[in-house]
Amino acid sequence: MQLPSGTMDTGTQMVYSNCTSPASYQQYSWTLTDKLRKTAKSELREDENLRSQGLAQMREFIAKSPHIKRCRTDALFLLRFLRTKKYSIPQACAMLEKYLTVRQTNPAWFERMDIEDPEIEAVIDGGYIVPLLERDDHGRQVILSVAGNLDLSRVSSALLARVHFLVQEVLADDEQSQICGYVHCVDERELSMKLMGMWSLVDIKKVADCIQNGLPSRINAFNLIGMPSTAATLMEFCVSLLSDKLRKRINLTLLPQPVLGKVECGRAPLIPRGQGHYHGGFRLFRTVEDFAGKINRKILPKEYGGTVPMAEMVAQFKERCRRKRAQLLAMDEMHIELSKLPGHCADSCRRDLDAGMIGSFRKLEVD
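Conventions and cut-offs
- Residues numbered from 1 in each chain as written.
- Predicted model: local features only at pLDDT ≥ 70, side-chain atom pairs only at ≥ 80, totals over all residues.
- Heavy atoms only, no water.
- Helix = DSSP H or I, 4+ residues; strand = E, 2+ residues; numbered from the N terminus.
- Buried < 20%, exposed > 50% of the residue type's maximum accessible area, 1.4 Å probe, protein only.
- Contact = heavy atoms within 4.5 Å.
- Areas by Shrake-Rupley, 256 points an atom, 1.4 Å probe, with all protein chains shown as cover.
- Phe/Tyr/Trp six-rings, centres within 6.5 Å; stacked < 30°, edge-to-face > 60°.
- Lys NZ or Arg CZ within 6 Å of the ring centre and 35° of its normal.
- pLDDT = per-residue confidence, 0-100.
- Salt bridge = Lys/Arg side-chain N within 4 Å of Asp/Glu carboxyl O.
- Expected span 1.5 Å × (residues − 1).
- Polar contact = N/O pair within 3.5 Å; in protein donor to acceptor, adjacent residues only side chain to side chain.
- Axes fitted to C-alpha atoms, helices over the stretch in contact; angles between N-to-C directions.
- Parallel < 35°, antiparallel > 145°, perpendicular 65-115°, else oblique.
- Nonpolar A, V, L, I, M, F, W, Y, C, P; charged D, E, K, R; others polar.

Where an unreviewed UniProt entry is consulted, the protein appears under the name CRAL-TRIO domain-containing protein, with the organism given as Anopheles farauti.

Here it is in structure tokens:
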């Protein structure tokens, strides 16, 4: 197929280099199960008509936005935003503009997401972060991060942010994850003051803003395991930056004091058992075993009581990164002209709706 003028082939998607509509758009075809179709309908209000209208209106918004110069317009990319915002067109357009803006204004975090970058590859190889091969019982993608698997002499906050956003970008086009969502599990039993000290308060605020407003992702839960009590103050500050919705999805397993040395995976810390309770907007679990009841252990790495070694999970994720490498690097070509960006994207989208640029479309409740 010949590409429309001004496009760049990313392997499976295209980044358009002007703000006019391409000659033709990639056609969407539903390939998922009937069960997922029902889930999309019940949780996102998605059906064939709503989906086709949403894609058409987002594409028209991109084509007629003078500040969006280059952007992907394929269905999988736009569905990230539509599904995250339950097909509210103003909210989806606002998040798209925010997404393009945060990528462009934070190049150290978002540019050159390349698995062949030695620094990125070293972090992944070390087992710091890996998507699990199997989903949880609700069909959600589970991402495991282990603070103790970092070589702190070789990393910086910018590198860690780039690795986290790489993982998010590699997974983002997966339709089941777009519909069912994600669960983040963070093993912080070896969280150190040195690692916490890498992050400035400004960076923490920027990351929280990116997660909430700029990254299209249905995050269903954050499970932080074994966090030392010395980190509680910093965590309270981080969580205070999140919306009420996300705060309620953070589950903590706190230790009464920092863990000295390695703790055998799969064992609960030697602290008194107790019932989970609420504190400062968090749900606290007294032991790792209490946390383990929230997830099917069979899907975890072998080191955590599962069956597949973490090294094998890492190897399969790296192969997935390689398959998407051309696409990830091409996304650096997306561009938004910041000087022409409206002061508030949601207001801009709503004005466009009123003016008939996008068309008549009912506004739905946003998750």
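(A) A look at the overall build of the protein. When helices and strands are tallied, the protein shows 16 helices and 11 strands. Taking all 367 residues of the protein together, 52% fall into the buried category. Considering only intrachain contacts with a sequence separation of at least 6, the fraction spanning at least 24 residues in the protein is 76%. Accessible surface, the protein as shown: approximately 16,900 Å² in total, 50% of it carbon and sulfur.

(B) Just the packing of aromatic side chains, in detail. On inspection of all chains with the given rule, the structure shows 5 aromatic pairs. An angle of 15 degrees between the planes, with centres 4.5 Å apart, marks the rings of phenylalanine 110 and phenylalanine 165 as stacked. Separated by 55 residues along the polypeptide, phenylalanine 110 in helix α5 (residues 107-110) and phenylalanine 165 in helix α7 (residues 157-171) bring together distant segments of the chain. We note that phenylalanine 110, like phenylalanine 165, is buried. Through a chain of ring-to-ring contacts, the aromatic side chains of Phe77, Phe81 and Tyr99 assemble into a single cluster. Across from the ring centre of tryptophan 109, 5.0 Å away, lies the NZ or CZ of lysine 206, which sits over that ring.

(C) Region of interest: the confidence of the model for the protein. When the pLDDT values of the protein are averaged, the result is 77; 68% of them are 70 or greater. Segment residues 1-13 is flagged for pLDDT under 50; beyond a separation of four residues in sequence, or across chains, it makes 31 contacts in the model.

(D) Examining the environment of methionine 313 more closely. With respect to the helices and strands, the residue methionine 313 is situated in helix α14 (residues 310-323). Judged by relative accessible area, which is 1%, methionine 313 ranks as buried. Ignoring sequence-local partners within four residues, the contact set of methionine 313 consists of Val130, Leu132, Leu133, Ile299, Leu300, Pro301 and Val308.

(E) Summary view of the pattern of salt bridges. Taken as a whole and assessed by the stated rule, the structure comprises 26 salt bridges. Between arginine 103 and glutamate 169 there is a salt bridge; the shortest N-O distance is 3.7 Å. You can see arginine 103 sitting in helix α4 (residues 89-105) and its partner glutamate 169 sitting in helix α7, a full 66 residues away along the chain. A residue is classified by how much of its surface remains accessible, and glutamate 169, at 2% relative accessible area, is buried. Arginine 162 is the partner of aspartate 117 in a salt bridge, and the nearest nitrogen-oxygen pair spans 3.5 Å. A residue pair is termed long-range when its members are at least 10 positions apart, and aspartate 117 in the loop between α5 and α6 (118-125) and arginine 162 in helix α7 qualify at 45 residues. Owing to a relative accessible area of 19%, aspartate 117 belongs among the buried residues under this scheme. One network of salt bridges, in which partners are shared, links Arg72, Asp74, Arg80, Arg103, Glu169, Asp173, Lys324 and Asp332.

(F) The side chain of arginine 162, seen in detail. The buried category is assigned to arginine 162, whose relative accessible area is 11%. Once residues lying within four places of it in the same chain are set aside, the contact partners of arginine 162 are Ala108, Trp109, Glu111, Arg112, Asp117, Glu119 and Ile120.

(G) Layout of helix α2 (residues 48-64). Between its first and last C-alpha, α2 extends 24 Å over 17 residues, near the 24 Å set by a 1.5 Å rise per residue. If you check which residues of α2 are buried, you get Leu50, Arg51, Gly54, Leu55, Gln57, Met58, Arg59, Phe61, Ile62 and Ala63. Capping of α2 at its N-terminal end is provided by aspartate 47; its side-chain oxygen lies 3.2 Å from the backbone amide nitrogen of asparagine 49.

(H) How the structure looks around unusual backbone geometry. In this structure, arginine 45 takes a positive phi of about 65 degrees despite not being glycine. Among the structural elements, arginine 45 can be located in the loop between α1 (34-44) and α2. Classification of arginine 45 by relative accessible area gives partly exposed; the value is 28%. The backbone of lysine 86 shows a phi angle near 50 degrees, a positive value even though the residue is not glycine. The topology assignment puts lysine 86 in the loop between α3 (75-84) and α4.

(I) Seen up close, the packing of α7 against α14. With their axes 10 Å apart at the nearest point, α7 and α14 run at an angle of 70 degrees to one another. With respect to α14, the element α7 is oriented roughly perpendicular. Only Phe317, Arg320 and Cys321 of α14 make contact with α7, whose side of the interface consists of Val167, Val170 and Leu171. Tallied by class, the residues present in the contact of α7 with α14 amount to 5 nonpolar, no polar and 1 charged.

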